[in-house]
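So the chains spell out like this:
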Amino acid sequence: MFEAIRKLIEAHEVIVLHRHQNPDGDALGSQIGLKHLILDNYPGKTVYAVGDAAGRYAFMEDSVMDEVPDAVYEGALAVVLDTSAKALISDGRYASARAAARIDHHLFCETITETEVVDSSFESCCGLIAAMAQESGWKLSPLSAKSLFTGMVTDSGRFRYDAVSARTFRLAAFLREQPFDTNELYNCLYAMDYEQVRLRAQFALKIWFTPHRVAYIYTSQEEKVQYHTDDFTLSRGMVNVMADIAGVHIWVNFTESDKGVLCELRSDRVNINPVAVAFGGGGHQKASGATVPDRKTALKMLERLDKLAEEMQ
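Because the structure is predicted, anything quoted here is derived from the model rather than measured.

1. Regarding the overall build of the chain
Each helix and strand in the chain was counted, giving 11 helices and 11 strands. The C-alpha radius of gyration of the chain comes to 20 Å, within 12% of the 20 Å expected for a compact globule of 313 residues. For the chain, the spread of C-alpha atoms along the three principal axes comes to 60 × 40 × 40 Å. Out of the 313 residues in the chain, the part that is buried amounts to 53%. Expressed as a percentage of contacts within the chain between residues at least 6 apart in sequence, the contacts between residues at least 24 apart total 64%. In the structure as shown, the chain presents an accessible area of about 14,200 Å², 51% of it carried by carbon and sulfur atoms. Both charge centroids of the chain, one from 32 positive and one from 43 negative side chains, sit 4 Å from each other.

What follows is the structure, given as structure tokens:
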């Protein structure tokens, strides 16, 4: 499955790894994991990882992005990871590379590069990278393994989501053959300081319900001032405050930002991805996102989700 991308890696001395904006554990894990897989198995190659800052995942080793001059792309291979649409890529210079490829596990949205491996049956992009390493017979360092395992854990919801399969656990076992401290990893991922606990409690008190039990939170620009944190924390970071409420199978978090209203859609039962796509977003069947221009449009999305919930009853 990975032969074409492997040949491109072998044919290029300089490789630049891209991923989506506002990175999560899977985006960074696939970037860092693949970077070190290439460096460890193809000595002499130069590999860069580019994009916006790691944010709350800055604890990951080698998560500081590289500064790459435009000239590097002239003879380079660009690999886009964990990204379903061109508009979501952090650093658009991938398009100026000599060759480009993509590895992704999201539902297909559009073709981005001439060579692509897109398989939405995988729980994570890191799972795809681990499968490529295994298929290729590449040696695996503890750093690569830990980075890829981090992405598998975060994008699978601690191995809870539907995309988790026997293959997921086989690949996780392959990664765990390398020595790394999972206690340290889980503490970095899930331990919360008091301010985070307090923020989640505040957001729990903001939950509203539509007539057909879609849970939602809406945070305006004016409200954001009191929280003293970034948009990513308030949007993706708070969406699962609404998870695991009895009788709620769809939930959405709306956060006003300078770019528009950030919409994080989740479900434990039904495919909400078409709603996200209809509003210019994308993602997975049960975890998708979009950015809409204003509150009025966000409420139209909420109406669509409520209709979907009604159809489930």
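2. Some thoughts on the state of the cysteines
Under the criterion given, the structure shown has 0 disulfides. No disulfide involves Cys125; its nearest neighbouring cysteine sulfur is the one of Cys126, lying 6.3 Å away. With no disulfide of its own, Cys263 lies 16 Å from the sulfur of Cys109, the closest cysteine sulfur. Exposure remark for Cys263: the relative accessible area of 2% places this residue in the buried category.

3. Side note on the pattern of salt bridges
Per the counting criterion, the structure on display carries 19 salt bridges. As a salt-bridge pair, Glu13 and Lys45 come within 3.4 Å of each other at their nearest N and O atoms. Placement of the pair is Glu13 in the loop between helix H1 (3-11) and strand E1 (14-19) and Lys45 in the loop between helix H2 (25-41) and strand E2 (46-49), with a sequence separation of 32 residues. Look at Glu13 and you get partly exposed, because its relative accessible area is 47%. The exposure class assigned to Lys45 is buried, which follows from its relative accessible area of 9%. In this structure, the salt-bridge partner of Lys286 is Asp162, at a minimum N-O distance of 2.0 Å. You can see Lys286 sitting in the loop between strand E10 (282-283) and strand E11 (287-292) and its partner Asp162 sitting in the loop between helix H4 (142-155) and helix H5 (166-176), a full 124 residues away along the chain. Classification of Asp162 by relative accessible area gives exposed; the value is 56%. Among the charged side chains, a salt-bridge network with shared partners connects Asp24, Arg236, Glu264 and Arg266.

4. With respect to the sheet that holds strand E5 (residues 115-118)
As summarised here, the arrangement of the 5 strands in space is E2-E1-E3-E4-E5, forming an open sheet in which the pairing is parallel. Of all strands in the sheet, those with a lone pairing partner are E2 and E5, marking the two edges. Recorded for the sheet is a direction-independent mean angle of 15° between the axes of neighbouring strands. Here strand E4 (residues 99-104) pairs with E5 via 4 bridges, running parallel. When the sheet's bridge partners are listed, Asp104 is paired in E5 with Val118.

5. Brief notes about the sheet that holds E10
Across the sheet, 6 strands lie side by side as E6-E7-E8-E9-E11-E10; this open sheet has mixed pairing. The open sheet terminates on both sides in strands that have one partner only, identified here as strand E6 (208-209) and E10. Here strand E7 (residues 214-219) pairs with strand E8 (residues 250-257) via 6 bridges, running parallel. The partner of Tyr218 across the bridge, within E8, is Phe254.

6. Quick look at the side chain of Thr154
Assignment of secondary structure puts Thr154 in helix H4. With a relative accessible area of 19%, Thr154 lands in the buried category. Within polar-contact distance, the side chain of Thr154 engages the backbone oxygen of Gly151 at 3.2 Å. Leaving out residues up to four positions away in the same chain, Thr154 has contacts with Gly25, Asp26, Tyr57 and Leu189.

7. Let's talk about helix H3 (residues 125-136)
In this model H3 runs 16 Å from its N-terminal to its C-terminal C-alpha over 12 residues, within 8% of the 16 Å that 1.5 Å per residue would give. For H3, a buried count of 9 out of 12 residues is recorded, marking the element as mostly surrounded by other parts of the structure. Looking one or two residues past H3, Gly137 carries a phi angle of roughly 70°, positive in sign.

Calculation criteria
- Residues numbered from 1 in each chain as written.
- Predicted model: local features only at pLDDT ≥ 70, side-chain atom pairs only at ≥ 80, totals over all residues.
- Heavy atoms only, no water.
- Helix = DSSP H or I, 4+ residues; strand = E, 2+ residues; numbered from the N terminus.
- Rg over C-alpha atoms; globule rule 2.2 N^0.38 Å.
- Buried < 20%, exposed > 50% of the residue type's maximum accessible area, 1.4 Å probe, protein only.
- Contact = heavy atoms within 4.5 Å.
- Areas by Shrake-Rupley, 256 points an atom, 1.4 Å probe, with all protein chains shown as cover.
- Lys, Arg positive; Asp, Glu negative; His and termini not counted.
- Charge placed at Lys NZ, Arg CZ, Asp CG, Glu CD.
- Disulfide = S-S within 2.5 Å.
- Salt bridge = Lys/Arg side-chain N within 4 Å of Asp/Glu carboxyl O.
- Pairing = 2+ DSSP bridges.
- Axes fitted to C-alpha atoms, helices over the stretch in contact; angles between N-to-C directions.
- Polar contact = N/O pair within 3.5 Å; in protein donor to acceptor, adjacent residues only side chain to side chain.
- Expected span 1.5 Å × (residues − 1).

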